[in-house]
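# Analysis of the macromolecular model
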Amino acid sequence: MKMKKLNIAMALALASAGAQAGGPLYIHEPTMQPYKWDTSKGDIPVYTDGGPMTPTADGGQVQAFTVNYDGNVFLTIEQANAVTAKAIAEWSNVETSTLSMTIQGTIEEQTGIADVNETNVGEIYAKENGYGFWVNYDTDGQILEQYFGVPKDQVLGIAFPEWADEETGEITEATALMNGWFVDISDTEGEKVAGVFTHEFGHAMNMSHSQANGHFSYMAAAYRPYYDGVPGCDTATLFNGAQRPSEDTIETMFPFINVRGEAGRQQSTISVRDDIVNISDLYPTDAYKSEYGSITGKLYLKDGVSEYSGINMVARNIDNPMYDVITQQSGNLTQGMVGPDGTFTINGLQPGARYVLYTDTIKAGGYPTAPTAIVSQAEYWNDGESANPGEDRACNFTPITVQAGETKQTDMYFNGYQDGIQYTPLVQAFVTDLAKNGKKALGTVGNGIPFVYDSVQKSFALHPNTDVRSNGGRMNKNATKAAITADLDGNGIKEPATWDLVSNKLKPMQDLNGNTCGGSGSNGTQSAAVWDMDDSGEVIVGLGYKDVDGDGVCQRNGGGEMVPVKWDKHGSIEELPYDLPGYVQWVRADRVSGDGSVITGSSTYKQVAWVNGEFRDIYSEFGAKNATAMTGDGGIVALDTDTGVKLWNTATDELEDIGGLTWCEDMDYNHFFLGNLCSNPSYGPEFVQNYFGPIQVMPTDMNDDGTMIVGRAGSYFTGFIGGIYLKGIGWINTRDFFKKQGVVEASQFPVDNPLSLSANGSEMMGNLAGATITFDIDMDTAFVCKDGQDREVSFPKQLIAEVKGGAEFGRCAHLND
């Protein structure tokens, strides 16, 4: 018999933040079946630890599981053994499981070790001690800290199947380490810490974590509500911290256990069907197989072929939702060993009961099968299940009823149209520019590693010199040149450089201080900052650092040491002139038109521009607070002002007011003291809009002919939202834009920071505020609804024309989303 020592890393149970969705902890790879105890051998023998002899309050001495602050016994080993006996009884008494455990002696009787502690624990974990389940009591937490290297104030216990017969997959020995140090002072009978015992013993029987109801009690808050169904559907109940379910609804195998409250006591019992079904799946009785029903299926991406692992599949009884709920992760029986696996099977359904099946994400904790994000929208299963979001609406559900011994097929598909707008996440990538041809994007990953993304091939390329680090960069129209800042000479200061994207040659450009000093940022010091490049790649603009006073520092306050600059195709630098009243700390050039004739820039909150070389103080002239979006010829510049966005004609100085987003429709107005004024009866939407004016949108880019502008609105206080302006239609927020177009992939993560447009406006890149993720949005075609029929049109010009002609923006099925 070949024995194998199993990995222990997966079985930590943590105190309040994280300890593993239903299913097995370990898989026996030769058979791809869970490791299991052979219950035909009878009860699994349980051996318990002793403890250090410790004074009692009445002057005696007993073995201690945990010690009080005064040095006397708080809970004795006798009490700990009683909790152990209760925990093994809970698992042994599950009627549909063959598993049974009984305490059959002590570790001392088996090994001669009276008290397992940090000095001798290697005798338990380093070798096989014999068939059975060995329960160790860590009185002072020193085994956790000194042997396992984990803090005693964060880990409640560690348990796992330790040894198995590798030929059969039979578990032969398991261990549990119970942290006596973490017992709460009010827990004089060990009733609250009992939840940890039952939970850890589940791991020892090879059970993983579950997420059925626990997150409603432990994690839901006003700013993070959770639902016992699909969010936004009438059938789902809200839990937000103020509204929470009874503690006895928390499944024992949820990753969190509160040993200082009622929840710890309740999790010591096996009362939620999620726990009952998961132990019965591992050790089923004949009756379990024949007296209950099952559902099985696969979770697919919208292509209907690619399987998707790591999503929590939840079956909830409509008539008993909190106690009869069963979860399984997709792919939990292969745990990533065979690649993407969308398979799920939920057993233990009660005959005749009505269940809904829906997708959810794992909220916290570690899992043998890696949790994944929902790449579309959460949804219920229904008889018309498909990937078409116009037909398979997220809230549509069909109750599932099975009979004893029956298995029903329930494949599910992430919704998403194959036509129209396509929405692709670039995970852990921060794009800084999209070439105006819309084919390639430039950005950074990790600690400033520059990359070029091919949006046609959906591929990435790095510079051959993998040591190159950049602070971002910009590209010319055809993505043949880029401008970045990188420390090419290794002196610790990044200098501006051009990157020939064909040959990959990097060529330094001039700066104003001989590459001796510069400004400091999160990615180090740079002697100049590159902000934009024109279509040809022959005009580059940015910020240059000067050492005016020769003190070796290039950022002296008000010293004129941070100035706007532009470079030519040879890398020669030119300082741009400016004349601003009052104190000036810095001025930079932010954007350049495609033809290089118009440059816009900023100085603190003031906006400036250079039109054919002439400096303009457009803050003083027009009240501009931002001006980074313009047409390809620089003829029109979008200005962010206190009264909304205005289009500045740079030839005639005429302004066109195009407003902004609308309070209470696009975004709530949250007052620091008065709360949401939109829902406050003393104020309301009309007051808010009239008093505060339109929601200001900071334009970030414009297509070449000015028919489309993108920007962002909001703040960390109100939250952020993206805005899209279509000439002749007006502003629409990005959330509604994608909803009406049926882009359900954007429902979870709607771009709130659109940052770059292609010249014709049919491609866009955007981010999420506060997250390192970028979305590649292909808008070659979009939809309008006319006479009740969807019409796929080119975007944006044809769509704008169709809407002006009476069509409605969006797909017919989603106009009211």
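Residues numbered from 1 in each chain as written. Predicted model: local features only at pLDDT ≥ 70, side-chain atom pairs only at ≥ 80, totals over all residues. Heavy atoms only, no water.

A tally of regular secondary structure across the chain gives 13 helices and 56 strands. Counting over 817 residues, the chain shows a buried share of 56%. Surface accessibility of the chain: about 31,900 Å² in total, with carbon and sulfur atoms responsible for 48%. In the chain, 53 side chains carry a positive charge and 107 a negative one; their mean positions are 7 Å apart. (Helix = DSSP H or I, 4+ residues; strand = E, 2+ residues; numbered from the N terminus. Buried < 20%, exposed > 50% of the residue type's maximum accessible area, 1.4 Å probe, protein only. Areas by Shrake-Rupley, 256 points an atom, 1.4 Å probe, with all protein chains shown as cover. Lys, Arg positive; Asp, Glu negative; His and termini not counted. Charge placed at Lys NZ, Arg CZ, Asp CG, Glu CD.)

The next subject is the pattern of salt bridges. A full pass over the atoms with the stated rule returns 27 salt bridges. For the salt bridge of Lys302 with Glu745, the shortest nitrogen-to-oxygen distance reads 2.9 Å. Of this pair, Lys302 sits in the loop between strand 15 (293-300) and strand 16 (312-317) while Glu745 sits in the loop between helix 12 (734-740) and strand 51 (753-757), and the two are 443 residues apart along the sequence. Asp642 is the partner of Lys625 in a salt bridge, and the nearest nitrogen-oxygen pair spans 3.0 Å. Within this pair, whereas Lys625 is found in the loop between helix 10 (618-622) and strand 41 (626-630), its partner Asp642 is found in the loop between strand 42 (636-641) and strand 43 (644-649), the two being separated by 17 residues in sequence. For Lys625, a relative accessible area of 30% corresponds to the partly exposed category. (Salt bridge = Lys/Arg side-chain N within 4 Å of Asp/Glu carboxyl O.)

Looking now at the state of the cysteines. Summed over the entire model, instances satisfying the criterion amount to 4 disulfides. Covalent S-S linkage joins Cys785 and Cys812, the inter-sulfur distance amounting to 2.1 Å. Classification of the bridge connecting Cys785 and Cys812 rests on its S-S torsion, roughly 105°, and on that basis the disulfide is right-handed. One end of the pair, Cys785, is in strand 54 (residues 781-786); the other, Cys812, is in the segment after strand 56 (808-809), with 27 residues separating them in the sequence. A residue is classified by how much of its surface remains accessible, and Cys812, at 24% relative accessible area, is partly exposed. (Disulfide = S-S within 2.5 Å.)

This brings us to the sheet that holds strand 48 (residues 708-715). Spatial strand order, 47-48-49-50: 4 strands in an open sheet with antiparallel pairing. Single-partner strands in this sheet number two, and they are strand 47 (698-702) and strand 50 (730-733). Going across the sheet, the axis of each strand differs from the next one's by a mean of 25°, ignoring polarity. In this sheet, strand 48 lies alongside strand 47 in antiparallel orientation, the contact comprising 4 bridges. Among the inter-strand pairings, Met702 is bridged to a residue of strand 48, identified as Ile709. (Pairing = 2+ DSSP bridges. Axes fitted to C-alpha atoms, helices over the stretch in contact; angles between N-to-C directions.)

Ranked by internal contacts, the top residues of the largest apolar core, which has 62 residues, are Phe133, Phe201 and Met205. Not counting residues within four places of it along the chain, the set of residues in contact with Met205 comprises Trp37, Ile44, Leu99, Met101, Phe133, Ile279, Leu282 and Tyr283. (Core = buried A, V, L, I, M, F, W, Y, C linked by side-chain atoms within 4.5 Å. Contact = heavy atoms within 4.5 Å.)

Its place among the elements puts Asn213 in the loop between helix 5 (194-204) and helix 6 (214-218). For Asn213, the side chain forms a polar contact with the main-chain oxygen of Met322, separated by 2.5 Å. Other than its neighbours up to four places away in sequence, Asn213 contacts Thr249, Glu251, Val272, Arg316, Met322 and Val325. (Polar contact = N/O pair within 3.5 Å; in protein donor to acceptor, adjacent residues only side chain to side chain.)

Tallied over the full model, the rule gives 36 aromatic pairs. Residues Tyr125 and Phe148 carry aromatic rings whose centres are separated by 5.1 Å and whose planes lie at 80° to one another, so their mutual orientation is edge-to-face. In this pair, Tyr125 is assigned in helix 3 (residues 122-125) and Phe148 in helix 4 (residues 142-148), connecting sequence segments 23 residues apart. Here Tyr125 matches Phe148 in class, with each residue buried. Ring geometry for Tyr218 versus Phe256: centroids 6.0 Å apart, planes at 65°, classification edge-to-face. Of this pair, Tyr218 sits in helix 6 while Phe256 is found in the loop between strand 14 (238-239) and helix 7 (262-266), placing the two residues 38 residues apart along the sequence. For Phe256, a relative accessible area of 7% translates into the label buried. Among the aromatic side chains, those forming a connected cluster through ring pairs are Tyr423, Phe737, Phe738, Phe775, Phe795 and Phe809. (Phe/Tyr/Trp six-rings, centres within 6.5 Å; stacked < 30°, edge-to-face > 60°.)

What the 4 strands build is an open sheet, ordered 33-34-35-36; its pairing is antiparallel. Two strands in the sheet have a free side with no partner beyond their single neighbour: strand 33 (528-533) and strand 36 (573-575). Taken pair by pair, the neighbouring strands of this sheet meet at an average axis angle of 30°, ignoring direction. Pairing of strand 35 (residues 562-567) with strand 36, which is carried by 3 bridges, proceeds in the antiparallel orientation. Across the sheet, the residue bridging to Val565 is Glu575, located in strand 36.

With that out of the way, let us pick up the environment of Trp499. Its location among the elements puts Trp499 in strand 29 (residues 493-500). Residues Trp499 and Thr485, spaced 14 residues apart in sequence, show a C-alpha to C-alpha distance of 9.8 Å. Apart from the residues lying within four places of it in its own chain, the contact partners of Trp499 are Leu442, Pro450, Val452, His463, Thr480, Lys481, Ala482, Ile484, Asn504, Lys505 and Leu506.

Bringing a nonpolar patch on the surface into the picture now. Together, Phe672, Phe673, Leu674, Tyr683, Phe687, Tyr691 and Phe717 make up an exposed nonpolar region whose accessible area comes to about 830 Å². Tracing the sequence through the fold places Leu674 in the loop between strand 45 (670-671) and strand 46 (675-676). (Patch = residues over 30% accessible without salt bridge, like charges linked within 9 Å, V, L, I, M, F, W, Y side chains within 5 Å.)

All right, on to the environment of Leu512 then. Counting through the fold element by element, Leu512 comes out in the loop between strand 30 (506-508) and strand 31 (519-521). Assessed through its relative accessible area of 28%, Leu512 is described here as partly exposed. Sequence-wise, Leu512 and Ser386 are 126 residues apart; in three dimensions their C-alpha atoms are separated by 61 Å. In this structure Leu512 touches Gly544, Tyr545, Lys546, Val563, Val565 and Ile573, once residues within four positions along its chain are discounted.

Here we take up unusual backbone geometry. Residue Phe795 is joined to Pro796 through a cis peptide bond whose omega torsion reads 5°. Among the secondary structure elements, Pro796 is positioned in the loop between strand 55 (789-794) and helix 13 (797-804). For Met32, which is not a glycine, the phi torsion comes out positive at approximately 50°. In this structure, Met32 sits in the loop between strand 3 (27-28) and strand 4 (33-34). What makes Met32 partly exposed here is its relative accessible area of 24%. A positive phi angle is found at Gln428, which is not glycine, with a value near 60°.

Mapping Ile721 onto the fold places it in strand 49 (residues 719-726). For Ile721, a relative accessible area of 5% translates into the label buried. It is 9.0 Å that separates the C-alpha atoms of Ile721 and Ala769, two residues lying 48 residues apart in sequence. Not counting residues up to four positions away in its chain, the partners in contact with Ile721 are Leu661, Asp666, Met667, Arg712, Ala713, Asn733, Thr734, Arg735 and Asp752.

As a further point, take helix 13. Taken as a whole, helix 13 has its buried residues at Leu799, Ile800, Glu802 and Val803. The buried residues of helix 13 occupy one face: seen down the axis, they fall within an arc of 165°. Turned more than 90 degrees away from the buried face of helix 13, the exposed residues are Lys797 and Lys804. A positive backbone phi angle near 115° is found at Gly806, which sits one or two residues after helix 13. (Arc of directions from axis to C-beta.)

That is the geometry; function is a separate question.
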